[in-house]
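If you want the building blocks of each chain, they are given just below.
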Protein chains: 2
Amino acid sequence: MSKKCVVLLSGGLDSSTCLAVAKDHGYDCYTLSIDYGQRHVAELEASKTIAKNITPNPHKVVQINLDAIGGSALTDDDIDVPDYGDSNDAIPVTYVPARNTIFLSTALAYAEVVGANAIFIGVTAVDYSGYPDCRAEYIQAFETMANLATKAGVEGQKLSIITPLIDLDKSQIIQLGHHLGFDYGLTVSCYSANRKGEACGVCDSCHYRRKGFEAAGLKDPTRYAS
Amino acid sequence: MSKKCVVLLSGGLDSSTCLAVAKDHGYDCYTLSIDYGQRHVAELEASKTIAKNITPNPHKVVQINLDAIGGSALTDDDIDVPDYGDSNDAIPVTYVPARNTIFLSTALAYAEVVGANAIFIGVTAVDYSGYPDCRAEYIQAFETMANLATKAGVEGQKLSIITPLIDLDKSQIIQLGHHLGFDYGLTVSCYSANRKGEACGVCDSCHYRRKGFEAAGLKDPTRYAS
């Protein structure tokens, strides 16, 4: 019997590498994107293409209008996305309230529908130390909760939340994906990417991506708008 | 300083009673409905009216198209909603995968945005013993996870998940709301209610509501279509 997993796929570098790892581990992968009213729609387009390249299962998109409740520069038009270096806050304004909890909860629902016993999520505690929901103790608590939440869990089918990137920095993630033959030209990281998927080059996310490719000693296939 | 809470409000009997309890406990209430592609749209209309009667804060609705991933009679058009007594399964087909987890996660995001330190949810372990995500141990695990998930939690502001109805049966819930002066004529419970909010009278939910009013010795204000 093949192992099934749900992979949360944003179309960015981390989640795409996570999908490549899940596939490499022999999982039958069901990809899921959450469209939560974020500004980087280009990522969602990228995720469809990436999913198609890796798995025959249909890519699913669940829309959640988190902009209805606001609270983040990524979903709230009244808060500007800062350029790299503009903010010294421990937790950045690009933090989306409870984002990974909402993502994992939706993945949990999908895992139950397809009968998957694992959810892959590409969180990393290294580059995103300001995000509470990227830490191992949070992931562990979610897994405990998830196994009490569902029909499958109650019937004894253990579900695992797998975070293959949690101890890796950006350059190590890129090296891992490169080793697995993944084409990073398909991914979009930029918080303000345009509809053609071209990156702004100045936001936090662009900064970390560029530094990651430099540190990995690999060519950056990102297309920049300027 | 006033206590703030988020109340998950479906427009049904349980969640409405829960809101009345939160208000009675002195909370400044922020109501949230999740529109997850369920068939009973009438409940969402009811929730707006109920919220307006109880709190001056704007009622929020977050849309989540769970029908994109399927798996329940409440969101999947390929699965029929059974009449009462049609099914003997331990977990009914009206169970929505990971529903309360998705609801609580969204409420967690909203709690963080408004600075609330409590979330009220009207789950009851008595009438819904078949739903794993209505049990106290599940709620406790969610609370533990939630306090590791958010900026507020990390900064030491404890969030509580409050379930005032968890040990009450339907008649006790109705007696509680009646005691608090709540008007159940505003609520809609039916899984197949029409757009005017009239109930079918034959589904599981209608059955339990009718029995609840009978056992409570109170007049049932439900409007039936037939």
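The rules behind these values
Residues numbered from 1 in each chain as written. Chains lettered and ligands numbered in written order. Predicted model: local features only at pLDDT ≥ 70, side-chain atom pairs only at ≥ 80, totals over all residues. Contact = placed C-beta atoms within 7 Å. Helix = DSSP H or I, 4+ residues; strand = E, 2+ residues; numbered from the N terminus. Nonpolar A, V, L, I, M, F, W, Y, C, P; charged D, E, K, R; others polar. Pairing = 2+ DSSP bridges. Axes fitted to C-alpha atoms, helices over the stretch in contact; angles between N-to-C directions. Least-squares fit on C-alpha atoms with pLDDT ≥ 70 in both. UniProt positions renumbered as here; feature names shortened; annotations may be inferred. Buried ≥ 20, exposed ≤ 12 C-beta atoms within 10 Å, placed from the backbone. Right-handed = clockwise from strand over helix to strand, strands pointing away. Expected span 1.5 Å × (residues − 1). Parallel < 35°, antiparallel > 145°, perpendicular 65-115°, else oblique. Left-handed = near helix turned anticlockwise from the far one by under 90°.

Thoughts on the interface of chain A and chain B
Across the contact, 38 residues belong to chain A and 38 residues belong to chain B. At the level of secondary structure, the elements contributing two or more residues to the side of chain A that touches chain B comprise β3 (60-63), α3 (99-114), α4 (136-149) and α5 (151-154) of chain A. Of the residues belonging to the side of chain A that touches chain B, the class tally is 23 nonpolar, 10 polar and five charged.

What to know about the sheet that holds strand β2 (residues 27-35) of chain A
Residues and elements named next belong to chain A. The strand order across the open sheet built from five strands is β3-β2-β1-β4-β5, with neighbouring strands paired in parallel fashion. Each edge of the open sheet carries a strand with a single partner, namely β3 and β5 (160-162). For this sheet, the mean angle separating the axes of adjacent strands, direction not counted, is 25°. Two elements, β2 and β3, share four bridges in a ladder whose sense is parallel. Bridge assignment links I34 to a residue of β3, and that residue is V62. Strands in contact with helix α1 (residues 13-24) are β1 (3-8), β2 and β4 (118-120); relative to β2, the strand with the most contacts, it is inclined by about 160°.

Details of the relation of the copies chain A and chain B
You can overlay chain A on chain B at an RMSD of 0.0 Å; the transform is a turn of 180° with a shift of 0.0 Å along its axis. Each copy turns onto its partner about a two-fold axis. Every residue of chain A has its C-alpha some distance from the rotation axis, and the shortest such distance is that of I64 of chain A, at 2.3 Å. Taken as a fraction of all interface residues of chain A, those also at the interface in chain B reach 100%, which identifies the copy contact as same-surface.

Some thoughts on the UniProt feature "binding site: ATP" (unreviewed entry) in chain A
Residues and elements named next belong to chain A. The feature "binding site: ATP" (unreviewed entry), as annotated in UniProt, sits at L9, S10, G11, G12, L13, D14, S15, S16, T17, C18 and L19 in this numbering. Summarising the element assignment, L9 is placed in the loop between β1 and α1. For L9, a count of 32 C-beta atoms within 10 Å puts it in the buried group. When sequence neighbours within four positions are dropped, the list of residues in contact with L9 reads S15, S16, L19, T31, L32, S33, S47, I50 and A51. Tracing the chain through its elements places L19 in helix α1. Here L19 is in contact with V7, L9, C29, T31, I50 and I54, once residues within four sequence places are set aside.

Brief notes about the pairing of strand β2 (residues 27-35) of chain B
Residues and elements named next belong to chain B. For β2, the buried fraction is high: seven of the nine residues fall into the buried class. Here strand β1 (residues 3-8) pairs with β2 via six bridges, running parallel. Looking at β2, one finds that K3 is bridged to Y27. Taken together, β1, helix α1 (residues 13-24) and β2 constitute a β-α-β crossover, and its handedness is right-handed.

Quick look at α1 of chain A
For an α-helix, 3.6 residues make a turn, and residues three or four places apart therefore share a direction. Residues and elements named next belong to chain A. Between the first and last C-alpha of α1 there are 17 Å, a value that for 12 residues agrees with the 16 Å anticipated at 1.5 Å per step. With 10 of its 12 residues buried, α1 lies for the most part within the structure. Within the sequence span of α1, burial applies to L13, D14, S15, S16, T17, C18, L19, A20, V21 and A22. Those residues of α1 hidden inside the fold are in contact with β1, β2, α2 (41-54), β4, α6 (170-179) and α7 (204-216).

Considering the environment of G37 of chain B
Residues and elements named next belong to chain B. Structurally, G37 is set in the loop between β2 and α2 (41-54). Given 19 C-beta atoms within a 10 Å radius, G37 is considered partly exposed. Taking the C-alpha atoms as reference, G37 lies 31 Å from D24; in sequence the two are 13 residues apart.

Brief notes about unusual backbone geometry
The backbone phi angle of A98 of chain A is positive, close to 55°, even though this residue is not glycine. With respect to the element layout, A98 of chain A can be found in the loop between β3 and α3.

Here we look at the packing of α1 of chain B against helix α6 (residues 170-179) of chain B
Residues and elements named next belong to chain B. Across the interface, α1 lies against α6 with an axial gap of 9 Å and an inter-helix angle of 40°. Judged by the inter-axis angle, α1 sits oblique to α6. Every pair of crossing elements has a handedness; the one defined by α1 and α6 is left-handed. Taking contact as the criterion, the partners of L13, D14, T17 and A20 in α1 are, on α6, I173, L176 and G177. The residue inventory of the contact of α1 with α6, partitioned by class, reads four nonpolar, two polar and one charged.

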